[in-house]
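Each chain is listed here by its residues.
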Amino acid sequence: MAKLYSYKEIAEHNTENDLWMIIDGKVYDCTKFMDEHPGGEEVLLDLGGQDATGPFADIGHSDDAVKMLEDLYVGDVDKDSEPIAVVKGDPASTTTGGEGNGVMILAIAAVALAVVYFYLNQK
Ligand code: HEM
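Residues numbered from 1 in each chain as written. Predicted model: local features only at pLDDT ≥ 70, side-chain atom pairs only at ≥ 80, totals over all residues. Heavy atoms only, no water.

### Examining the coordination of the iron atom of the ligand
Listed as protein donors to the iron atom of the ligand are His37 (NE2) and His61 (NE2); their distances from the metal cover 2.0 Å. Of the residues examined, His37 reaches a relative accessible area of 13% and is grouped as buried. His61 sits in the partly exposed class, given a relative accessible area of 25%. (Donors = N, O, S within 2.8 Å, 3.2 Å for Na, K, Ca; no water. Buried < 20%, exposed > 50% of the residue type's maximum accessible area, 1.4 Å probe, protein only.)

Here you go:
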């Protein structure tokens, strides 16, 4: 039986000295692999402690890359555990990601509402 790890537990392994990630419901310890990764350390660090299933698939990794995962496997995700939002350690290095998008969506919604309002009041 594979060992199960909660999302919270996995999220704690998000530094360059201790880096885990989730791919397809499995947990991988990428700490030692980071130096060898042909795609660089930074992408792995960014996804430390998180679910990297999408990004890993998007790159179109080779069968060799998928095979490498076997050596890094440490266990499975406890799917019954509470999913958590990972907040990266260094705020200075974060770009205008999540929050910026929220503001943008609000701005677009406000403009759309104004346009609808304008047309409704035409008659
Ligand atoms: C532990 C998981 C991973 C393993 C074992 C792995 C392995 C590899 C390998 C072997 C390659 C060389 C090309 C290939 O054989 O497909 C590669 C390339 C690459 N990987 Fe990963 N990778 C992992 C995770 C990731 C993640 C999460 C990302 C995030 C976006 C990523 C981004 C890339 C990129 C951008 C390249 C292309 C490098 C280039 O050709 O310029 N990899 N990876």
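### Some thoughts on the environment of Pro83
Take Pro83: it is sitting in the loop between β5 (73–77) and α5 (98–120). Classification of Pro83 as exposed rests on a relative accessible area of 61%. Separated by 75 residues in sequence, Pro83 and Lys8 have C-alpha atoms that sit 7.2 Å apart. (Helix = DSSP H or I, 4+ residues; strand = E, 2+ residues; numbered from the N terminus.)

### Here we look at helix α4 (residues 63–72)
Regarding α4, the residues found buried are Ala65, Leu69 and Leu72. Down the axis of α4, the buried side of the element spans an arc of 65 degrees, and every buried residue falls inside it. Along α4, exposed side chains directed more than 90 degrees from the buried face belong to Asp63, Asp64, Lys67, Glu70 and Asp71. Along its buried surface, α4 packs onto β3 (18–23), β4 (26–29), α3 (53–59) and β5. (Arc of directions from axis to C-beta. Contact = heavy atoms within 4.5 Å.)

### What to know about the UniProt feature "transmembrane region" (unreviewed entry) in the protein
This chain's UniProt record puts "transmembrane region" (unreviewed entry) on residues 102–120. Across residues 102–120 one finds 100% helix and 0% strand; the C-alpha atoms that close the span lie 27 Å apart. (UniProt positions renumbered as here; feature names shortened; annotations may be inferred.)

### Here's the deal with the packing of aromatic side chains
With the rule as written, the count across this model stands at three aromatic pairs. With 4.8 Å between their ring centres and 70 degrees between their planes, Tyr5 and Trp20 make a pair best called edge-to-face. Pair noted here: Tyr5 is in strand β1 (residues 4–5) and Trp20 is in strand β3, with a separation of 15 residues, a long-range link. Assessed through its relative accessible area of 8%, Trp20 is described here as buried. (Phe/Tyr/Trp six-rings, centres within 6.5 Å; stacked < 30°, edge-to-face > 60°.)

### Observations regarding a negative patch on the surface
On the surface, Glu16, Asp35, Glu36, Glu41, Glu42 and Asp46 cluster together into a negatively charged patch. Turning to its location among the elements, Asp35 is positioned in the loop between β4 and α2 (41–46). For Asp35, a relative accessible area of 64% gives the class exposed. (Patch = residues over 30% accessible without salt bridge, like charges linked within 9 Å, V, L, I, M, F, W, Y side chains within 5 Å. Areas by Shrake-Rupley, 256 points an atom, 1.4 Å probe, with all protein chains shown as cover. Salt bridge = Lys/Arg side-chain N within 4 Å of Asp/Glu carboxyl O. Lys, Arg positive; Asp, Glu negative; His and termini not counted. Charge placed at Lys NZ, Arg CZ, Asp CG, Glu CD.)

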